[in-house]
Amino acid sequence: MSSDETTPAAAEKPTDDYEPHFESIGMPALRALAHPLRVQIMNELSDFGPATASMLAERLGESSGSTSYHLRQLAKHDIVVEDQERGSGRERWWRMAAGGVTIGGPETLETPAGREITEQISLTWQQNNERRLNAFLRRGLDTFGMEWLEASTLSTSHLEVSREQLGELATEYYKLLNRLKEKWKADPAGDRKRVQVQFNAFPLVEQEHR
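Since the model is a prediction, treat every value here as computed from it, not as a measurement.

**Let's talk about the overall build of the protein chain**
- Scanning the protein chain from N- to C-terminus turns up eight helices and five strands.
- Listed N to C, the secondary structure of the protein chain is β-α-α-β-α-α-β-β-β-α-α-α-α in terms of helices and strands.
- Looking at the 210 residues of the protein chain, the share that counts as buried comes to 32%.
- In the protein chain, once contacts between residues fewer than 6 apart in sequence are set aside, the share between residues at least 24 apart is 66%.

Spelled out as structure tokens, the structure:
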């Protein structure tokens, strides 16, 4: 499972032209991220882009001293980095590190502690995604207007696939997303807004019990 720069979780190689995924973070970084406030900070930077400790403190109802401390702890594990292109020097700006965060690798899932922390972070990420989606469903039309609503997509598909095909689906999705991101970098014009892309593809557990 991954967040921010849409880096996929590890998967077995499904085809000969498969491109390797980004590596999952190890146990030290996973433990550092397990703090609830640090996950919230990561979500804010992923969802809305670079921010200062004071900005994050105001959004999250914390002190700037607290958010500053937790940002430094995340930075020790390269989860966030200082944004050198922003700020006047009086207060540091922070952003997610390139590649985002991927969790759920073999190193962490092979221990009970690693599995518990991975589950905790994954559930927190999903709860955040649900909050964002619920807000859009309730207020999207009034906030952005009909044209943005029509340009948005909420899609659920059901497929019969093998494990290798499921990995191939994820790989092709990330290839497409990265290709479009590079294309759009060259075309910065237009009315741009921050959007969240959610992609879920998983075998249904319930089918094993029917």
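**A short note on the side chain of Asn128**
- With respect to the helices and strands, the residue Asn128 is situated in helix H6 (residues 112-144).
- Here Asn128 is in contact with Asn43, Asp47 and Gln196, once residues within four sequence places are set aside.

**A look at the sheet that holds strand E3 (residues 80-82)**
- In space, the three strands of this open sheet follow the order E2-E4-E3, with antiparallel pairing throughout. Single-partner strands in this sheet number two, and they are strand E2 (51-52) and E3.
- In this structure, E3 lies alongside strand E4 (residues 93-96), joined through three bridges in antiparallel fashion. By the bridge assignment for E4, Val81 is matched with Arg95.

**Side note on the packing of aromatic side chains**
- Counting across every chain of the model gives two aromatic pairs.
- Ring geometry for Tyr173 and Tyr174: centres 5.1 Å apart, planes at 70 degrees, overall edge-to-face.
- Accessibility expressed as a relative area gives 14% for Tyr174, which makes it buried.
- Seen from their ring centres, Tyr173 and Phe199 are 4.1 Å apart, and the 5 degrees between their planes marks the pair as stacked. Of this pair, Tyr173 sits in helix H8 (residues 163-185) while Phe199 sits in the segment after H8; the two residues are 26 residues apart in sequence, bridging distant segments of the chain.

**Comments concerning the pattern of salt bridges**
- As enumerated under the stated definition, the model contains nine salt bridges in all.
- The partner of Glu164 in a salt bridge is Arg163, with the nearest N and O atoms 3.2 Å apart.
- A relative accessible area of 51% means that Arg163 is categorised as exposed.
- As a salt-bridge pair, Glu182 and Lys185 come within 3.2 Å of each other at their nearest N and O atoms. Taken together, the residues Glu182 and Lys185, both in helix H8 and three residues apart, mark about one turn of the helix.

**Observations regarding the packing of helix H2 (residues 36-48) against H6**
- Between H2 and H6, the shortest axis-to-axis distance is 11 Å and the interhelical angle comes to 45 degrees. Between H2 and H6, the angle falls in the class oblique. In terms of crossing hand, the pair formed by H2 and H6 is right-handed. Of H6, the residues touching H2 (which contributes Val39, Met42, Asn43, Glu44, Asp47 and Phe48) are Ile121, Thr124, Trp125, Asn128 and Arg132.
- Tallied by class, the residues present in the contact of H2 with H6 amount to five nonpolar, three polar and three charged.

Reading guide: rules and limits
Residues numbered from 1 in each chain as written. Predicted model: local features only at pLDDT ≥ 70, side-chain atom pairs only at ≥ 80, totals over all residues. Heavy atoms only, no water. Helix = DSSP H or I, 4+ residues; strand = E, 2+ residues; numbered from the N terminus. Buried < 20%, exposed > 50% of the residue type's maximum accessible area, 1.4 Å probe, protein only. Contact = heavy atoms within 4.5 Å. Pairing = 2+ DSSP bridges. Phe/Tyr/Trp six-rings, centres within 6.5 Å; stacked < 30°, edge-to-face > 60°. Salt bridge = Lys/Arg side-chain N within 4 Å of Asp/Glu carboxyl O. Axes fitted to C-alpha atoms, helices over the stretch in contact; angles between N-to-C directions. Parallel < 35°, antiparallel > 145°, perpendicular 65-115°, else oblique. Left-handed = near helix turned anticlockwise from the far one by under 90°. Nonpolar A, V, L, I, M, F, W, Y, C, P; charged D, E, K, R; others polar.

So far we have only geometry, and geometry alone does not tell us how the molecule works.
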